[in-house]
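Examining the three-dimensional arrangement
Here is how the chains run, residue by residue.
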Amino acid sequence: MSNRIAVVPGSFDPPTLGHLDVIQRAATLYDQLHVLVVHNPDKAAMLPIAQRVSLLEQSIAEAGVTGDVVVASWSMGLLVDYATEVGAGVLVKGIRSQIDVAYETPMAIVNRHLTHVETVFLLPDPAHALVSSSLVRQVAALGGDVSPFVPSAVARFLDTGAPAH
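One structure accompanies this document, and this report is about it. (Residues numbered from 1 in each chain as written. Predicted model: local features only at pLDDT ≥ 70, side-chain atom pairs only at ≥ 80, totals over all residues. Heavy atoms only, no water.)

1. Description of the pattern of salt bridges
Heads up, the condition is: Note on definitions: salt bridges are taken to be side-chain nitrogens of Lys or Arg within 4 Å of carboxyl oxygens of Asp or Glu. Note on conventions: DSSP H or I runs of at least 4 residues are helices, E runs of at least 2 residues are strands, and numbering of each starts at the N terminus. Per-residue accessibility, obtained with a 1.4 Å probe over protein chains only, is compared with the maximum for each type, and a residue is labelled buried under 20%, exposed over 50%, and partly exposed between these values.
A full pass over the atoms with the stated rule returns eight salt bridges. A salt bridge links Arg137 to Asp13; the nearest nitrogen and oxygen atoms lie 3.9 Å apart. Here Asp13 lies in the loop between strand E1 (2-10) and helix H1 (17-29) and Arg137 lies in helix H5 (residues 133-141), a separation of 124 residues in the sequence. We classify Arg137 as buried; its relative accessible area is 16%. For Asp13, a relative accessible area of 4% translates into the label buried. With a closest N to O distance of 3.1 Å, Asp100 and Arg96 form a salt bridge. Using a relative accessible area of 13% as the deciding quantity, one classes Asp100 as buried. A relative accessible area of 37% means that Arg96 is categorised as partly exposed.

Right, dumping it as structure tokens:
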């Protein structure tokens, strides 16, 4: 495992500017960054996993994120199994509040125990600190404008329901 390879996991349903902020900053910290769309059985997904992968790829490209960034998905097995498979020694998680810290800390401890993968918490840019995918889904479902909260590719997709290329 390498501490120079990291994984940014999330449901990314849909990707937000906060997600993109964490991805951009993590890409500068690690030699290779895997942005991993994971299935969360506790959440009812708005978008299929393949669409989330596509939107992340478009958003990362449009934002000009530099570095070795791989976008993938994982729905079977533990997150640390993926990290081990790609040689990553670090998981990067965006933390918006104490609620996120309380939720993420036990997982970080268990992940370190299972495979010695460390978890690094990044604070979001304050402009994105209160935005969540859940909030974006709710606003979008009620016909509101989500463009201030999501990358352009995501806003175009949600507005038209079609891929933005």
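2. Some thoughts on the pairing of strand E4 (residues 88-94)
Heads up, the rule is: Strands are treated as partners if at least two bridges between them are detected by DSSP. We call a crossover right-handed when, viewed with the strands running away from us, the connection from the first strand over the helix to the second turns clockwise.
Within E4, six of the seven residues are buried, which leaves the element mostly enclosed by the surrounding structure. Of the pairings in the sheet, the one linking E4 to strand E5 (residues 118-122) comprises five bridges and is parallel in character. Note that in E5 the partner of Val90 across the bridge is Glu118. For the crossover from E4 across helix H4 (residues 98-115) to E5, the handedness is right-handed.

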